[in-house]
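# Structural overview
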Amino acid sequence: MIERLVHWSRVKSPWVLHLNTGACNACDIEILAALMPRFDLERFGILLKGTPRHADVLICTGPITRQNRDRVVRIYEQVPDPKFVVAVGACAMSGCVYRGAYNSMGGIDQVLPVNAYIPGCPIRPDALIDGVVKLLNSLK
Ligand code: SF4
């Protein structure tokens, strides 16, 4: 009973942590736009949190860099189970313009299991909302 209640509340109101793993910041600005009143991501119960310990979903922008790989894994490990990762933007999906650079390891899925990919360079706020809602529907 308690487990069903926890699962229900997670699907109805997931808390997210926004993590820039090496992005150029354009995707990050679009994520912020999605949280503002015009697109209003919060209408789906999605709340931005400041710590991985309170998050259900990691929203990652940018490629994995050699410098931050260990930090990203450490942050992921601090998110309580069950946890989900959303790769936002072409960089998080594949490395995009940073692919092949000496300091880039490619997309987020090189070090973390990714549950949803949201394409774009940068993404559009409505694409982010669409991707997150599809992820939530797949959890029901
Ligand atoms: S996908 Fe494009 S806009 Fe987003 S972080 Fe990469 S280069 Fe910047």
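Small disclaimer: the values here were computed from a predicted structure and weren't measured.

Rules behind the numbers
Residues numbered from 1 in each chain as written. Predicted model: local features only at pLDDT ≥ 70, side-chain atom pairs only at ≥ 80, totals over all residues. Heavy atoms only, no water. Buried < 20%, exposed > 50% of the residue type's maximum accessible area, 1.4 Å probe, protein only. Helix = DSSP H or I, 4+ residues; strand = E, 2+ residues; numbered from the N terminus. Pairing = 2+ DSSP bridges. Near = heavy atom within 4 Å. Nonpolar A, V, L, I, M, F, W, Y, C, P; charged D, E, K, R; others polar. Salt bridge = Lys/Arg side-chain N within 4 Å of Asp/Glu carboxyl O. Contact = heavy atoms within 4.5 Å. Axes fitted to C-alpha atoms, helices over the stretch in contact; angles between N-to-C directions.

### Quick look at the pairing of strand β3 (residues 57-61)
For β3, the buried fraction is high: 5 of the 5 residues fall into the buried class. Sheet analysis places strand β1 (residues 15-20) next to β3, joined by 5 bridges and oriented parallel. Note on β3: the bridge partner recorded for L17 is L58. In the sheet, β3 pairs with strand β5 (residues 84-88) via 5 bridges, with the strands oriented parallel. The residue of β5 that forms the bridge with T61 is V88.

### Brief notes about the site of the ligand
Near the ligand the following residues occur: A23, C24, A26, C27, A90, C91, V97, G120, C121 and P122. Taken together, the elements giving at least two residues each to the shell around the ligand come down to α2 (26-35) and α4 (90-94). For the shell around the ligand, the class distribution of residues is 9 nonpolar, 1 polar and no charged.

### Some remarks on the pattern of salt bridges
Enumeration according to the criterion identifies 4 salt bridges in this entry. Between K83 and D81 there is a salt bridge; the shortest N-O distance is 3.9 Å. Accessibility expressed as a relative area gives 18% for K83, which makes it buried. Using a relative accessible area of 60% as the deciding quantity, one classes D81 as exposed. One salt bridge connects K134 with D130, and the closest N-O pair in it is separated by 3.0 Å. On the criterion of helical spacing, the pair formed by K134 and D130 is a turn pair, its members being 4 residues apart in helix α5 (residues 125-139). The exposure class assigned to K134 is exposed, which follows from its relative accessible area of 54%. Classification of D130 as partly exposed rests on a relative accessible area of 39%.

### Details of the sheet that holds strand β2 (residues 47-48)
The strand order across the open sheet formed by 5 strands is β2-β1-β3-β5-β7, and the pairing between neighbours is parallel. Lying at the two open borders of the sheet, with one neighbouring strand each, are β2 and β7 (116-118). One ladder, built from 3 bridges, connects β5 with β7; its direction is parallel. Note that in β7 the partner of V86 across the bridge is A116. Along the sheet face, α2 touches β1, β2, β3 and β5 and points at about 140 degrees away from the line of β3. Sheet strands in contact with helix α3 (residues 69-78) are β1, β3 and β5, and its direction is about 175 degrees off that of β1.

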